[in-house]
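Commentary on secondary and tertiary structure
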Amino acid sequence: MKRVYMDHSATTPVDYEVVRVMTETLTNNFGNPSSLHAFGEEARQALLKARKQLAALISADISEIVFTSGGTEANNMAIIGAAQARKNRGKHLITSAIEHHAVLNTFQSLQNEGFDLTVLPVNMVGQIDPQDLQNAIREDTILVSLMHANNEIGTIQMIPALGEICRSRGIIFHTDAVQTVGRIPIDVKELTVDLLSLSAHKFYGPKGVGALYVRNGVQINPLIYGGGQESKQRSGTENIPGIVGMGKAAELAEKYMPQRLEHLQLLGQTLFNRIMNEIPEAYLTGHPGARLPGHISLVFPGIEGQSLLTFLDAEGIAASGGAACSSNSFAVSHVLKALSIREEVAASSLRLSMGKDNSIEDIDYVMDVLPKLVERMKLLWVLQ
Ligand SMILES: *Cc1c(COP(=O)(O)O)cnc(C)c1O
């Protein structure tokens, strides 16, 4: 059976070049970078090389990169670390309604500890109005965290404008850029951010490794204490193979960025046009223009999204929806809810997120399967 992977916003396959350098590191470079002997020095060199590769990808300085165990830890570290470091100046925090749970639940924990939280709304295509941010800022606001691109609906936020507002008021600004780093060009200075989270497994690197960009001069409290690695900001012996793999993935992302972007834009446009022409029930969610390349998020009113995903999976097509299923109860996506989409409609969501290895043939296959499935399921829904 043909298999088509269109769930790159969940995770990406590890690039062969990345596997090669990771295997090489695991095999021949096992030293502890804190050791003073030659084995330690080799590990230190590998760490430095990866730091340079990653810093180059986002136009940061090597002193501004803190390696973490992934995007979730980077978000926790940014939010808790910044809030704790500034709690004597104020207790007010700002985020948005469409953040990843690694951000939302972290803010929730701070709220439980006595911080004040404002959650900004988004418009029908998932964008934050900079005026809403202006209005939400108070004398005691110490931290703002707004994501770069949303994983479910692909909408890209106007981060430079939002960052500018925070900077002019002296407020720390964090962005969860896990969906954009390695996929679209990123320059931390253009974005006007103080803190930025990223994760290797979203750009063809390994799982369990990521980083937090901490702008020079910005102080945050550590989340993890110990031997003082990563300039005392994140203790624990470094995950050298993972970090080396992320460095290689960053190097490849920078090198092939123009080709990958062009390819994904073509695939995205082709799939979107075909769906709009061939499936009358389909509606795009998120922003039509300002969105991740190759990311198509849809709702099919009158169709049960979970079943659609199951049927697609049976045909070898891996995609995902907006609804998170836990212990038999289907929770409607907080992101689609924030777009004011009705609950019944939100339950019909489908996300097709393509990657560098997808092809026009993959789209042909999806379009052989999807329109017929939607047609059949519409009938099922009517008859039940
Ligand atoms: C995947 C993802 C995360 C979590 O990153 P992990 O490395 O899997 O912990 C956080 N935020 C966004 C937007 C993501 O897409």
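Scope of this entry: the structure provided in the associated data block.

What counts, and where the lines are drawn
- Residues numbered from 1 in each chain as written.
- Predicted model: local features only at pLDDT ≥ 70, side-chain atom pairs only at ≥ 80, totals over all residues.
- Heavy atoms only, no water.
- Near = heavy atom within 4 Å.
- Polar contact = N/O pair within 3.5 Å; in protein donor to acceptor, adjacent residues only side chain to side chain.
- Areas by Shrake-Rupley, 256 points an atom, 1.4 Å probe, with all protein chains shown as cover.
- Helix = DSSP H or I, 4+ residues; strand = E, 2+ residues; numbered from the N terminus.
- Nonpolar A, V, L, I, M, F, W, Y, C, P; charged D, E, K, R; others polar.
- Core = buried A, V, L, I, M, F, W, Y, C linked by side-chain atoms within 4.5 Å.
- Buried < 20%, exposed > 50% of the residue type's maximum accessible area, 1.4 Å probe, protein only.
- Contact = heavy atoms within 4.5 Å.
- Pairing = 2+ DSSP bridges.
- Salt bridge = Lys/Arg side-chain N within 4 Å of Asp/Glu carboxyl O.

1. Side note on the site of the ligand
Of all residues adjacent to the ligand, which total 13 residues, the nearest are Thr-72, Asp-176, Gln-179, Ser-199 and Lys-202. Between the ligand and the protein, one listed contact pairs an oxygen atom with a side-chain N or O atom of Gln-179 at 2.7 Å. If the ligand stood free it would expose 380 Å²; the protein chains cover 87% of that surface. The element contributing the most residues to the shell around the ligand is helix H3 (residues 71-86), with 3 residues. When the residues that make up the shell around the ligand are grouped by side-chain class, the tally is 2 nonpolar, 9 polar and 2 charged.

2. Describing the nonpolar core
Core analysis: the biggest nonpolar cluster contains 63 residues, and Ile-58, Leu-133 and Leu-196 have the highest contact counts within it. Element by element, the count of residues in this core is highest for helix H8 (residues 240-278), at 10 residues. In this structure Leu-196 touches His-174, Thr-175, Ala-177, Val-181, Ile-186, Val-188, Leu-191, Ala-211, Leu-212 and Tyr-213, once residues within four positions along its chain are discounted. Within the second largest apolar cluster, 29 residues are counted, among which are Leu-264, Ile-296, Leu-370 and Met-377.

3. Remarks on the sheet that holds strand S9 (residues 283-284)
With antiparallel pairing, the 3 strands of this open sheet are ordered in space as S9-S10-S14. Both edges of this open sheet fall to S9 and strand S14 (349-353), since each of them pairs with a single strand only. As defined by bridge partners, S9 adjoins strand S10 (residues 295-299) across 2 bridges and the pair is classed as antiparallel. Bridging from a neighbouring strand, Tyr-283 pairs with Val-299 of S10.

4. Comments concerning the pattern of salt bridges
Within this structure, the stated rule accounts for 19 salt bridges. When the shortest N-O distance is used, the salt bridge between Lys-2 and Asp-362 registers 3.3 Å. Of this pair, Lys-2 sits in the segment before strand S1 (4-5) while Asp-362 sits in helix H12 (residues 360-383); the two residues are 360 residues apart in sequence, bridging distant segments of the chain. A residue is classified by how much of its surface remains accessible, and Lys-2, at 36% relative accessible area, is partly exposed. A salt bridge links Arg-138 to Asp-116, with the nearest nitrogen and oxygen atoms 2.9 Å apart. Taken together, the residues Arg-138 in the loop between helix H5 (130-136) and strand S5 (141-145) and Asp-116 in strand S4 (residues 116-120) connect sequence positions 22 residues apart. Connected via shared salt-bridge partners are Asp-15, Arg-260, Lys-356 and Asp-357.

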